[in-house]
Amino acid sequence: LLSNNNSPIISRYAESLPKIGEPKNDITAQVIDYLLQLGDNNKFSPESFERYRSQINAIIESGETMKLLILGFPCKSKNTDTKVITDNFDLGDFLGLLTLQQIAEQIANIYEPGCEITIYNREPYIEKIGLIAFDKLNINPYPRECIDKYEATLMELIKKFPNLKLPTIDLSEEVSEEYKVAYGLYTNKLS
């Protein structure tokens, strides 16, 4: 996918992303190091490192496809005055998808069963947060039609990325109790 792109901006961006390198004996350490390169390259605490190492090792030992989950791409704010240039899916969003595809491809270079990334984009409370903002500030940064339009574009574009997918089920009713508590605290703070 990355090599077939004709756009100079997108091609240059794709080329600037870090590469994972040649496969080594410790695939788990390579995956963790690679993911750190994509972030701010701060090392994990020893506890976090061991937790990730254990999870990735379990996947590798099972010999199954590495399946990653990211929470993101729910929509964009309609606040084009101070938050975003446009409320439409744009180049920044596309480059985000491209980055995730690159992650999956790079992991597949050293781990033969490959890697698949599911993007969970249905933030269960985003519409409610918009309604609270409307009630308190008389603006709704996340109207339903904006969310639907953004999601429709995401669904079309994601088909161009073979290692990315959207979930087949809606988990919004199954969010954790901790999430509900955090949402309650957040909305009380907004109010």
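Here is a short report on the structure shown in this document. On a predicted model such as this, the values are computed, not experimentally measured, just so you know. The numbering scheme is per chain: residues are counted from 1 as the chain's sequence reads. Confidence filtering applies because this is a predicted model: local features only for residues at pLDDT of at least 70, side-chain atom pairs given and counted only at 80 or more, and all residues used for totals across whole chains, interfaces and linings. The basis for the side-chain values is all heavy atoms of the structure; hydrogens and waters are excluded.

1. Things to note about the overall build of the protein chain
And step 1. Only DSSP runs of H or I covering at least 4 residues are called helices, and only runs of E covering at least 2 are called strands; the numbering of each starts at the N terminus. If you tally the helices and strands in the protein chain, you get seven helices and three strands.
And step 2. Shown N-terminal to C-terminal, the secondary structure of the protein chain runs as helices and strands in the order α-α-α-β-α-β-α-α-β-α.
And step 3. Each residue is placed in one exposure class: buried if its accessible area under a 1.4 Å probe, protein chains only, is under 20% of its type's maximum, exposed if it is over 50%, and partly exposed if it falls in between. Evaluated residue by residue, the protein chain yields a buried proportion of 37% over its 191 residues.
And step 4. Calculation of accessible area relied on Shrake-Rupley with a 1.4 Å probe; when residues are assessed, cover is drawn exclusively from the protein chains displayed. Put simply, the protein chain shows about 11,900 Å² of open surface, and 53% of that area lies on carbon and sulfur atoms.

2. Things to note about the sheet that holds strand E2 (residues 115-120)
The strands that make up a sheet pair up through hydrogen bonds in the backbone, lying either parallel or antiparallel.
And step 1. Pairs of strands are assigned from DSSP output, requiring at least two bridges between the strands. Spatially, three strands are ordered E1-E2-E3 in an open sheet, and the strand pairing comes out parallel. Each edge of the open sheet is held by one strand with a lone partner, namely strand E1 (66-71) and strand E3 (164-165).
And step 2. As paired strands, E1 and E2 are joined by six bridges and run parallel to one another. When the sheet's bridge partners are listed, Met-66 is paired in E2 with Cys-115.

3. Observations concerning the nonpolar core
And step 1. What makes a nonpolar core is a set of buried Ala, Val, Leu, Ile, Met, Phe, Trp, Tyr and Cys residues whose side-chain atoms join them at distances within 4.5 Å. Core analysis: the biggest nonpolar cluster contains 37 residues, and Phe-73, Phe-89, Leu-97, Ile-107, Ile-119 and Leu-164 have the highest contact counts within it.
And step 2. At the level of elements, helix H1 (8-16), helix H2 (27-38), helix H4 (91-110), E2, helix H5 (126-137) and helix H6 (144-158) are the ones that each hand at least two residues to this core.
And step 3. For this core, the element with the most residues is H4, which contributes nine residues.
And step 4. The contact definition used throughout considers only heavy atoms, calling two residues in contact when any of these lie within 4.5 Å. In contact with Ile-119, not counting residues within four places along its chain, are Ile-70, Gly-72, Phe-73, Leu-97, Leu-100, Ile-158, Leu-164, Lys-165, Leu-166 and Pro-167.

4. So, the side chain of Glu-151
And step 1. Mapped onto the elements, Glu-151 comes out in helix H6.
And step 2. What makes Glu-151 buried here is its relative accessible area of 15%.
And step 3. Polar contacts, as used here, are pairs of N or O atoms within 3.5 Å; protein pairs need one atom able to donate a hydrogen and one able to accept it. Residues neighboring in sequence count only if both atoms are side-chain atoms. Of note is the side chain of Glu-151, whose polar atom sits 3.3 Å from the side chain of Asn-121.
And step 4. Leave out the neighbours within four places in its chain, and Glu-151 touches Asn-121 and Arg-122.

5. Quick word on the packing of H1 against H4
And step 1. Interaxial angle, 0 to 180 degrees, is taken between N-to-C directions of lines fitted to C-alpha atoms, where a helix line uses only the stretch in contact. Contact geometry for H1 and H4: axes closest at 11 Å, N-to-C directions at 40°. The orientation of H1 relative to H4 falls into the category oblique. Crossing handedness for the pair H1 and H4: right-handed. Where H1 abuts H4, its residues Ile-9, Ile-10, Tyr-13 and Ala-14 lie against Leu-91, Phe-94, Leu-95, Leu-98 and Thr-99.
And step 2. Note that Gly is not counted as nonpolar here; it falls among the polar residues with everything else outside the nonpolar set of Ala, Val, Leu, Ile, Met, Phe, Trp, Tyr, Cys and Pro and the charged set of Asp, Glu, Lys and Arg. Class assignment of the residues belonging to the contact of H1 with H4 gives a composition of eight nonpolar, one polar and no charged. Each angle gets one of four labels, with under 35 degrees taken as roughly parallel, over 145 as roughly antiparallel, 65 to 115 as roughly perpendicular, and the rest as oblique. Crossings are assigned a handedness: left-handed for a near helix turned anticlockwise from the far helix by less than a right angle, right-handed for a clockwise turn.

6. Considerations on the pattern of salt bridges
And step 1. Criterion for a salt bridge: a side-chain nitrogen of Lys or Arg within 4 Å of a carboxyl oxygen of Asp or Glu. Throughout the structure, instances matching the rule amount to seven salt bridges.
And step 2. Measuring nitrogen to oxygen at the nearest pair gives 3.9 Å for the salt bridge that ties Asp-135 to Lys-136.
And step 3. Across the pair Lys-159 and Glu-156 runs a salt bridge whose closest N-O atoms are separated by 2.9 Å.
And step 4. You can call Lys-159 exposed: its relative accessible area is 62%.
And step 5. Through salt bridges that share partners, Lys-76, Asp-90 and Asp-93 make up one connected network.

7. Some remarks on the packing of H2 against H4
And step 1. At a minimum axis distance of 10 Å, the contact between H2 and H4 shows a crossing angle of 155°. With respect to their mutual orientation, H2 and H4 come out roughly antiparallel. Every pair of crossing elements has a handedness; the one defined by H2 and H4 is right-handed. Together, Ile-27, Gln-30, Val-31, Tyr-34, Leu-35 and Leu-38 of H2 and Gln-102, Ile-103, Gln-106, Ile-107 and Ile-110 of H4 make up the contact between the two elements.
And step 2. Across the contact of H2 with H4, the residue classes tally to eight nonpolar, three polar and no charged.

8. Comments concerning the environment of Glu-123
And step 1. Among the structural elements, Glu-123 can be located in the loop between E2 and H5.
And step 2. Residues Glu-123 and Leu-71 lie 52 residues apart in sequence; the distance between their C-alpha atoms is 8.1 Å.

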